[in-house]
Amino acid sequence: MKNYLPLILTGLLFGAVLILYFNITTLQEENAALKADIAALQQPQEEEIEHHEEEVEVAIFMQRLQVYANKLYFAGINNNEELTHFYFHEMEEVMEEVVEANIVDEGVEISKFMQSMGLESLERFEGEVEEGFDQFEAQYTTFITNCNSCHAVTQHPFIRIKQPLTPIFDNQAYDK
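Right, let's walk through the structure included here. Sequence order as written defines residue numbering, which begins from 1 separately in each chain. Residues qualify for local features only when their pLDDT is at least 70, as the model is predicted, and side-chain atom pairs are given and counted only at 80 or more; totals for whole chains, interfaces and linings, by contrast, use all residues. The basis for every side-chain value is the complete set of heavy atoms in the structure, and neither hydrogens nor water enter the calculation.

Turning our attention to helix 4 (residues 81-100). Count 3.6 residues to each turn of an α-helix, and residues three or four apart come out pointing the same way. Starting at the N terminus, helices and strands are each numbered in turn, a helix being any DSSP run of H or I of at least four residues and a strand any DSSP run of E of at least two. Here, expected helix span is obtained from the residue count minus one, scaled by 1.5 Å. Counted at 1.5 Å a residue, the expected span for helix 4 with its 20 residues is 28 Å, and the 28 Å between its end C-alpha atoms agrees. Buried within helix 4 are the following residues: L83, T84, Y87, F88, E90, M91, V94, M95, V98 and V99. In what follows, a contact means two residues having at least one pair of non-hydrogen atoms within 4.5 Å. Its buried side turned inward, helix 4 meets helix 3 (58-77), helix 5 (110-130) and helix 6 (136-153). Remark: N102 follows helix 4 within two positions and exhibits a positive phi of approximately 50 degrees. Buried means the residue's accessible area, taken with a 1.4 Å probe over protein chains only, is under 20% of the maximum for its type, while exposed means over 50%, and partly exposed covers the values in between.

See the structure below:
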């Protein structure tokens, strides 16, 4: 039996080497396939880019801003600090989405104007309101004037926002 021991050990060793070789080969093939998948995912696909551009509808962002601006107004004239700051925050989030989306519509850099005329104006307005609500309506009017100026610069002068007369939703309490 002692004579067969080196043969048995050699056979087992050879079998183990074969198993390792096939496992390594399989792992290398899977690794190569994963690398190819990653490379494909990292390459922007023209169809996807065009599709993404078609999905960015500026009017939807503006509609959300208009709703929040309406609610902001009624929270502000009712001196509801917590609700006012909530709507400032919501408007800021929407404006930041527009800025980050790098929207260019018919050659007009919407995102650039949203940063300079929208977001910066909103931040100024919020800072003024933090000092008190006694000038809220005048500050709101200044903010809305900036919105309308942006509409004019971005070739949409026919869209004019004004101070609301009634809440957009009559089922929300705006007072404290």
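Here we take up the nonpolar core. Counting residues in each nonpolar core, the largest one holds 32 residues, and the members touching the most others are L72, M91, M95, F125, F136, Y140 and F143. Of all the secondary structure elements, the ones that give two or more residues to this core are helix 3, helix 4, helix 5 and helix 6. Excluding residues within four positions of it along the chain, F136 makes contact with L72, Y73, G76, I77, T84, F125 and V129. Only buried residues count toward a nonpolar core. Its members are Ala, Val, Leu, Ile, Met, Phe, Trp, Tyr and Cys residues joined through side-chain atoms within 4.5 Å.

A residue counts toward a patch only above 30% relative accessible area and without a salt bridge, and it is joined to like-charged neighbours within 9 Å or, for Val, Leu, Ile, Met, Phe, Trp and Tyr, to nonpolar neighbours within 5 Å. Each accessible area value is a Shrake-Rupley result obtained with a 1.4 Å probe; residue values ignore everything except the protein chains displayed when judging cover. Criterion for a salt bridge: a side-chain nitrogen of Lys or Arg within 4 Å of a carboxyl oxygen of Asp or Glu. Neither His nor the chain ends is counted toward charge; the positive residues are Lys and Arg and the negative residues Asp and Glu. Working definition for charges: the position is that of NZ of Lys, CZ of Arg, CG of Asp or CD of Glu. A cluster of acidic side chains, namely E81, E82, E128, E130 and E131, defines a negative patch on the protein surface. Contributing elements (two or more residues each) for the negative patch: helix 4 and helix 5. Topologically, E128 is positioned in helix 5.

On to the state of the cysteines. Two cysteine sulfur atoms make up a disulfide if the distance between them is within 2.5 Å. The tally for this structure, following the rule as stated, stands at zero disulfides. C150 takes part in no disulfide bond, and the closest cysteine sulfur to it belongs to C147, at a distance of 7.7 Å. Judged by its relative accessible area of 14%, C150 falls in the buried class.

Bringing the pattern of salt bridges into the picture now. Under the counting rule described, the total for this entry stands at one salt bridge. With a closest N to O distance of 2.9 Å, E97 and R64 form a salt bridge. Here E97 is found in helix 4, whereas its partner R64 is found in helix 3, with 33 residues between them in sequence. Judged by relative accessible area, which is 30%, R64 ranks as partly exposed.

Moving on, we come to unusual backbone geometry. The backbone of N79 shows a phi angle near 55 degrees, a positive value even though the residue is not glycine. For N79, the position within the fold is in the loop between helix 3 and helix 4. A relative accessible area of 36% means that N79 is categorised as partly exposed.

Each Phe, Tyr or Trp ring (for Trp, its six-membered ring) is paired with any other whose centre lies within 6.5 Å, and the angle between the two planes then decides the class: stacked below 30 degrees, edge-to-face above 60, tilted in between. All chains considered together, the criterion is met by twelve aromatic pairs. Relative to Y174, the ring of F74 has its centre 5.8 Å away and its plane inclined at 45 degrees; by these criteria the two rings are tilted. With a gap of 100 residues between them, F74 in helix 3 and Y174 in the segment after helix 6 connect regions that are remote in the sequence. Through pairs of rings, three or more aromatic residues link up here, namely Y73, F74, F88, F125, F133, F136, Y140, F143 and Y174. Geometrically, a lysine NZ or arginine CZ counts as sitting over a ring once it is within 6 Å of the ring centre and also within 35 degrees of the ring normal. Cation over ring: K112 sits above F113, and NZ or CZ is 6.0 Å from the ring centre.

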